[in-house]
Amino acid sequence: MTRLSDATLSALPAGVAQPQYDRSAVKPGVVHFGPGAFHRAHQAAAFDTLLAQDSRWGLTGVSLNSRGVADALNPQGGLYTLALLDAEIDYRVIGAIGRVLTRDDPAAILGALVHADTRIVSSTVTEKGYCLGADGTLDFANPAIAADLEAARSADWTPGSFTGWLVRGLQARRLAGLPGVTVLCCDNLTDNGRKLGAATLALAEAIDPDTARWIADNVAFPNAMVDSITPATDDALRARIAAATGLEDAWPIQRERFTQWVIEDRFAGERPALDLAGVTFASEVRPFEKAKLRLLNGAHSSLAYIGLGRGLETVADAMADGELARFAERLMREDIAPSITPPPGLDLDRYISDVLARFRNPAIRHLLAQIAWDGSQKLPYRLLDTVREALAAGRSVERLALPIAAWLRFLAGAANEGRTITDPLAAPLLARAGDWRHVLTMREVFGELGSDARFTSAVEAGLAALEAGRLKGVAA
Ligand code: CS2
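Residues numbered from 1 in each chain as written. Predicted model: local features only at pLDDT ≥ 70, side-chain atom pairs only at ≥ 80, totals over all residues. Heavy atoms only, no water.

Strands sit in the order β4-β3-β9 across an open sheet of three strands; the sheet is mixed. Edge positions in the sheet fall to β4 (90-94) and β9 (253-256), since each has one partner strand and no second. Strand-to-strand, the axes of this sheet are offset by a mean angle of 25°, without reference to chain direction. Pairing of strand β3 (residues 80-85) with β4, which is carried by five bridges, proceeds in the antiparallel orientation. From the neighbouring strand, Tyr 80 faces β4, where its bridge partner is Ile 94. Packed onto the sheet, helix α9 (residues 235-245) meets β3, β4 and β9 and runs at close to 105° relative to β3. (Pairing = 2+ DSSP bridges. Helix = DSSP H or I, 4+ residues; strand = E, 2+ residues; numbered from the N terminus. Axes fitted to C-alpha atoms, helices over the stretch in contact; angles between N-to-C directions. Contact = heavy atoms within 4.5 Å.)

It is worth spelling out the site of the ligand at this point. The ligand sits among Asn 188, Asp 227, Ser 228, Ile 229, Lys 292, Leu 296, Asn 297, His 300, His 366, Ile 371, Lys 378 and Arg 382. A distance of 2.7 Å separates an oxygen atom of the ligand from a polar atom in the side chain of His 300. Lys 378 is positioned with one of its side-chain polar atoms (N or O) 2.8 Å from an oxygen atom of the ligand. In isolation the ligand exposes 340 Å². Once the protein is present, 90% of that is buried. Every element with two or more residues in the shell around the ligand is listed here: α10 (286-309) and α15 (375-392). Counting residues per element, the shell around the ligand draws most heavily on α10, at four residues. Partitioning the shell around the ligand into residue classes produces three nonpolar, five polar and four charged. Domain assignment of the residues forming the shell around the ligand places at least three in each of domain 1 (6-282) and domain 2 (286-467). (Near = heavy atom within 4 Å. Polar contact = N/O pair within 3.5 Å; in protein donor to acceptor, adjacent residues only side chain to side chain. Areas by Shrake-Rupley, 256 points an atom, 1.4 Å probe, with all protein chains shown as cover. Nonpolar A, V, L, I, M, F, W, Y, C, P; charged D, E, K, R; others polar. Domains from an automatic or database assignment.)

Moving on to the sheet that holds strand β10 (residues 260-264). An order of β8-β10-β11 is seen for the three strands of this open sheet, with the pairing classed as mixed. In this open sheet, the two edge strands, each paired with only one partner strand, are β8 (224-227) and β11 (280-282). The sheet shows a mean angle of 20° between the axes of neighbouring strands, taken without regard to direction. Running at roughly 35° to β8, α10 makes contact with β8, β10 and β11 of the sheet.

Quick look at α9 now. Residues of α9 that are buried: Leu 237, Ile 241 and Thr 245. End-on, the buried residues of α9 take up no more than an arc of 40°, which puts them together on one face. The exposed set on the far side of α9, more than 90 degrees from its buried face, consists of Asp 235, Ala 236 and Ala 243. Buried residues along α9 sit in contact with β3, β4 and β9. Following α9 by one or two positions, Gly 246 has its phi on the positive side, about 75°. (Buried < 20%, exposed > 50% of the residue type's maximum accessible area, 1.4 Å probe, protein only. Arc of directions from axis to C-beta.)

What follows concerns the state of the cysteines. Counted by the stated rule, this structure contains zero disulfides. There is no disulfide at Cys 131, and the cysteine sulfur nearest it, in Cys 185, is 13 Å away. Here Cys 186 stays unpaired: no disulfide links it, and the sulfur of Cys 185, its closest cysteine neighbor, is 6.6 Å away. Owing to a relative accessible area of 2%, Cys 186 belongs among the buried residues under this scheme. (Disulfide = S-S within 2.5 Å.)

Listed below in structure tokens is the structure:
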């Protein structure tokens, strides 16, 4: 089968959408770290729409951890196919990414960062990629950060971490007399832009205080809320794409049709007209972030750990389990929603109903095992902050503790069977998993909550309920 590329775009059937602009005229305006499935399904699709109006916002991808995306996309000139999964499936070839760089070519990464056309540096490096501690500040003990500090003793250093690359690139821009950039974090962290900004300044301060001052004056770190359910690529998708396009695509992507991106209107220099692509610019993004992270992602992680414990495989399967679906709905409406002050215009009841409907989307096979990755990094933002606020307000945490109990059982099950899990803290978690109380003492995950008796007794009750095959707190 012929491979997807600029030369073969003309062979695409009429029903498959393709770039509505001259790709050879595109200039890269954005350097994006972490061009994985979520970035390609979400932000790159928005830039692809924008490029039809303004050719100065092409994307250069940077993969720091693996060559997979570069090897798949570069021979295709950066092109790939996106399937929008709904009652009807739409196919669209995205052309926003010009090339993908890897750590094997640090000079090219630096060259992209220090290019006059680059005005945005964005990231989807997942929660763990920011090397933050439990308090949300840069963890200087993280091996990647420690290695960068060591490397930065030489002027011509090559960073390993994303934050290291930001400092290195911004330092080089300052020395080259170039303007600052907007650093746009697109990961599911509360207050993501502010946290990344503080982490970058802290690292710069330790490496080169002049650059730290320059960053404070010239670089913006807007907060952003990102949302679109993006199941990992599977063989079914590859087969579907080959049939629909007639071309071979080494790494197609799928997502639900729904997509939302709210960006704080705080740019250093020019703001791309992403509103043309449905993006919202807002003066305050935190209420959107909080609603999305706690309701959607909080419920997702709950369905994942409880559902896996019940032998279920996908989010849709979990929603087809009446007891579990009712539990998730009550958790959202009665336990999570009270911690959220919705932004103007957002009706929380309706938002919850919409999220539940998205989880039920029968066209999507979203594996619970995928959502279960990196629990130690996700749960603090998704559920533990809500637990803290509920305790402070004197509300019950009985239901909120149940998904945490399910995670502890998930860890114990893996440890028992000698399986490993995908989590940067896999080793300490699995070493403690035989005794759940021992896991709760990990301050880097639970902070002070691990020694709060109201929380630990709710977790204990949750473990007993799960053991007995019940979901506590579900109306009969
Ligand atoms: C999911 C998210 O994998 C996960 O942990 O909860 O990727 C979720 O699908 C997205 O945040 C939706 O916007």
